[in-house]
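Residues per chain, in single letters:
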Amino acid sequence: MRREQIVVVVGQGYVGLPVAMRAVEVGFKVVGIDLDISRIDRLKAGESYVEDIPESVLRSALDSGMYLPTASYDDVTNFDIAIITVPTPLRDSLPDLTFIESSGVSLASHLKVGATVVLESTTYPGTTQELLVPILEEGSGLAAGRDFFVGYSPERIDPGNKTWGFVETPKVVSGINMESLAKVKGFYDALVETTVPVSSPKEAELTKLLENTFRHVNIALVNELAIFANQLGVNVWESIEAASTKPFGFMKFTPGPGVGGHCLPVDPSYLSWQVRRQLGQNFRFVELANDINDHMPDYVIQRLIAILNRDSKALRGSRVLLVGLAYKKNTGDFREAPSRKIIDLLVGLGAEVSAIDSHIEPQMWPQNVISVGSDLVAVSGFDAIVLLTDHDDLDVGVFGGITTPILDTQCVMSGPNVEVL
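From a predicted model like this one, the values you see are computed outputs, not experimental measurements.

Asks: Please give an account of the overall build of the protein chain that cites residues and values.
Replies: On a plain count of helices and strands, the protein chain comes out with 12 helices and 16 strands. Its C-alpha atoms give the protein chain a radius of gyration of 23 Å, within 12% of the compact-globule value 22 Å for 421 residues. Considering only C-alpha atoms, the protein chain reaches an extent of 70 × 50 × 40 Å along its principal axes. In the protein chain, which comprises 421 residues, the share counted as buried stands at 54%.

See the structure below:
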């Protein structure tokens, strides 16, 4: 594949920026599109907001002249490959594909014969062929599969994973026909160590949903087990560790305050929605998992209220410190994080909420939460502390110097004042 080709990456977040940086690294000229002007300004200044991308890598890409961050589609003229990595959130429990649609419309007007468009955003099976392709054809006047090529390759970014990064993680690839598959596979072969071709975009789209539905259901299992184990007086964390010693037939999942990010709260619901819409049936496993995981923040609040009650305190008027707001350790990803609902519940019940999290972007910090430091003085004087995310840069030892009751949802603390979820 010619390395002088122009690659457009639509979306410069946790998925798109690593793709863009890797494409520059192997020799492509990359245009990174993001409609968030503040993000584009930070990228142009060489400031990375994605933990997996060191600022040295970003600055090197900028200095090479091979990377252009921009908010304007006027800069994508004559592109050879376009990768769409935009959000696909749920709105009122329904899939919102607005960002895919608008990206397709914008790219279509610049589409040329021989170009390739790949969708990476999470969505339901059929989106690439039934939604994206018609938009591209109508806007360009070209025929997909003949004049230009289209495929789907589900993102598998695991923020903060030092072992399985973008390059090391096998990449599932697909195309609407054999020519498209060859184009998509050829591009990703230049970026990652292993590609895994499947027969059509529908299989690739389902692959992504299957991966995260598997995780979602198993997390729901241990979350519900944690609730019952606490009521039975059993240490579920110890049981999970013991079960993990079995070398076959068991995969370790741990409880937590809920699920968050751009995958787990969204992907299974996409699958459930399509099964209900197209087949008229309920995907019972997914709906049950949703119910359990969605209510874990409520359970956190119940446990917190019980802890305060033992000290003859009400939640209303109490000063509560949340440790870690991101949905995943060592990242600043606050999207759909369970801490959001926990904050809303605490504020609604009259608590004064403070938090520690050095990873959250300033513009993403919740307005009704006081930001505090992580030294002994900063964490003292609260009525209760809830650890939600155990970032590696957090010294949990500092909490050993206080007697404040602590609810630890990650089982990383110890002491007479600590309760685990």
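Asks: How would you explain the sheet that holds strand S16 (residues 418-420) if you had to name every residue and give the values?
Replies: Within the open sheet, the six strands sit side by side as S13-S12-S11-S14-S15-S16. Their pairing is parallel. Edge positions in the open sheet fall to strand S13 (370-371) and S16, since each of these has one partner strand only.

Asks: Please set out a nonpolar patch on the surface residue by residue, giving values where relevant.
Replies: A grouping of Phe228, Leu232 and Val234 is seen on the molecular surface, where their side chains present a nonpolar patch of about 310 Å² in accessible area. The topology assignment puts Phe228 in helix H7 (residues 201-232). Relative accessible area serves as the criterion here: at 42%, Phe228 is assigned to the partly exposed category.

Asks: How would you sum up the packing of helix H5 (residues 127-140) against H7? Please name residues and give values.
Replies: Contact geometry of H5 with H7 gives a least axis separation of 8 Å together with a crossing angle of 115 degrees. One finds that H5 runs roughly perpendicular with respect to H7. Counted together, Thr127, Thr128, Gln129 and Glu130 of H5 and Pro201, Lys202 and Glu205 of H7 form the full contact between these two elements. Within the contact of H5 with H7, the residues separate by chemical class into one nonpolar, three polar and three charged.

Asks: Could you give an account of the pattern of salt bridges, naming the residues involved and the relevant values?
Replies: Close approach of charged atoms allows side chains with opposite charge to pair. For the structure shown, the criterion picks out 23 salt bridges. As a salt-bridge pair, Arg42 and Glu47 come within 2.8 Å of each other at their nearest N and O atoms. By relative accessible area, which is 15% here, Arg42 ends up buried. Ionic pairing is found between Arg42 and Glu361, a salt bridge with its closest N-O pair at 2.8 Å. Remark: Glu361 occurs in the loop between strand S12 (352-356) and S13 and Arg42 occurs in helix H2 (residues 37-44); sequence separation between them is 319 residues. Pair check on accessibility: Arg42 and Glu361 agree, each one buried.

Asks: How would you sum up the pairing of strand S1 (residues 6-10)? Please name residues and give values.
Replies: Here S1 lies mainly inside the structure; four of its five residues are buried. Bridge analysis of S1 against strand S2 (residues 29-33) gives five bridges, and the strand direction is parallel. The partner of Val7 across the bridge, within S2, is Val30. Since S1 and S2 lie parallel, the crossover through helix H1 (residues 16-25) that links them has a hand, and here it is right-handed.

Asks: Please set out the sheet that holds strand S8 (residues 149-152) residue by residue, giving values where relevant.
Replies: Taken in spatial order, the six strands make up an open sheet running S3-S2-S1-S4-S7-S8, and their pairing is parallel. The strands lining the two open edges of the sheet, one partner per strand, are strand S3 (67-70) and S8. Each adjacent strand pair in this sheet contributes to an overall mean axis angle of 15 degrees, direction not counted. Where strand S7 (residues 116-119) and S8 come together, four bridges link them in parallel fashion. Along S8, the bridge assignment pairs Val118 with Gly151.

Asks: Could you give an account of the side chain of Thr116, with specific residues and numbers?
Replies: Relative to the helices and strands, Thr116 resides in strand S7. Classification of Thr116 by relative accessible area gives buried; the value is 4%. The residues touching Thr116, leaving out its near neighbours within four places in the chain, are Phe79, Asp80, Ile81, Ala82, Phe149, Lys183 and Val184.

Asks: Give me the lowdown on the packing of aromatic side chains, citing residues and values where you can.
Replies: By the definition in use, this model includes three aromatic pairs. An angle of 70 degrees between the planes, with centres 5.0 Å apart, marks the rings of Phe187 and Tyr188 as edge-to-face. Overall, Tyr188 belongs to the buried group, its relative accessible area being 0%. Among the aromatic residues, those joined into a cluster by ring pairs are Phe28, Phe187 and Tyr188. A cation over an aromatic ring shows up here: Lys171 above the ring of Tyr188, its NZ or CZ 4.6 Å from the ring centre. In this arrangement the basic side chain of Arg319 is found over the ring face of Phe382, its NZ or CZ atom lying 4.4 Å from the centre.

Asks: Kindly report on the packing of H7 against helix H11 (residues 296-310), identifying the contributing residues and their values.
Replies: Between H7 and H11, whose axes approach to 11 Å, the crossing angle comes to 20 degrees. On the basis of the axis angle, H7 is roughly parallel to H11. Two packed elements cross with a definite hand, and for H7 against H11 that hand is left-handed. Between H7, through Asn223, Ala226, Ile227 and Asn230, and H11, the contact on the second element is made entirely by Met296, Tyr299 and Arg303. Among the residues forming the contact of H7 with H11, the class breakdown is four nonpolar, two polar and one charged.

Asks: Pulling in residues and values, what's your account of the environment of Ile6?
Replies: Tracing the sequence through the fold places Ile6 in strand S1. Once the C-alpha coordinates of Ile6 and Trp273 are considered, the two residues, 267 residues apart in sequence, prove to be 36 Å apart. Filtering out sequence-adjacent residues up to four positions away, Ile6 remains in contact with Lys29, Val31, Thr77, Asn78, Phe79, Asp80 and Ile81.

Asks: Outline unusual backbone geometry, supporting the account with residue identities and numerical values.
Replies: Within the chain, Ser312 stands out as a residue other than glycine whose phi angle is a positive 60 degrees. Within the secondary structure, Ser312 sits in the loop between H11 and strand S11 (319-323). A relative accessible area of 73% places Ser312 in the exposed class. In this structure, Asn330 takes a positive phi of about 65 degrees despite not being glycine.

Quick notes on the rules
- Residues numbered from 1 in each chain as written.
- Predicted model: local features only at pLDDT ≥ 70, side-chain atom pairs only at ≥ 80, totals over all residues.
- Heavy atoms only, no water.
- Helix = DSSP H or I, 4+ residues; strand = E, 2+ residues; numbered from the N terminus.
- Rg over C-alpha atoms; globule rule 2.2 N^0.38 Å.
- Buried < 20%, exposed > 50% of the residue type's maximum accessible area, 1.4 Å probe, protein only.
- Pairing = 2+ DSSP bridges.
- Patch = residues over 30% accessible without salt bridge, like charges linked within 9 Å, V, L, I, M, F, W, Y side chains within 5 Å.
- Areas by Shrake-Rupley, 256 points an atom, 1.4 Å probe, with all protein chains shown as cover.
- Salt bridge = Lys/Arg side-chain N within 4 Å of Asp/Glu carboxyl O.
- Axes fitted to C-alpha atoms, helices over the stretch in contact; angles between N-to-C directions.
- Parallel < 35°, antiparallel > 145°, perpendicular 65-115°, else oblique.
- Contact = heavy atoms within 4.5 Å.
- Nonpolar A, V, L, I, M, F, W, Y, C, P; charged D, E, K, R; others polar.
- Right-handed = clockwise from strand over helix to strand, strands pointing away.
- Phe/Tyr/Trp six-rings, centres within 6.5 Å; stacked < 30°, edge-to-face > 60°.
- Lys NZ or Arg CZ within 6 Å of the ring centre and 35° of its normal.
- Left-handed = near helix turned anticlockwise from the far one by under 90°.

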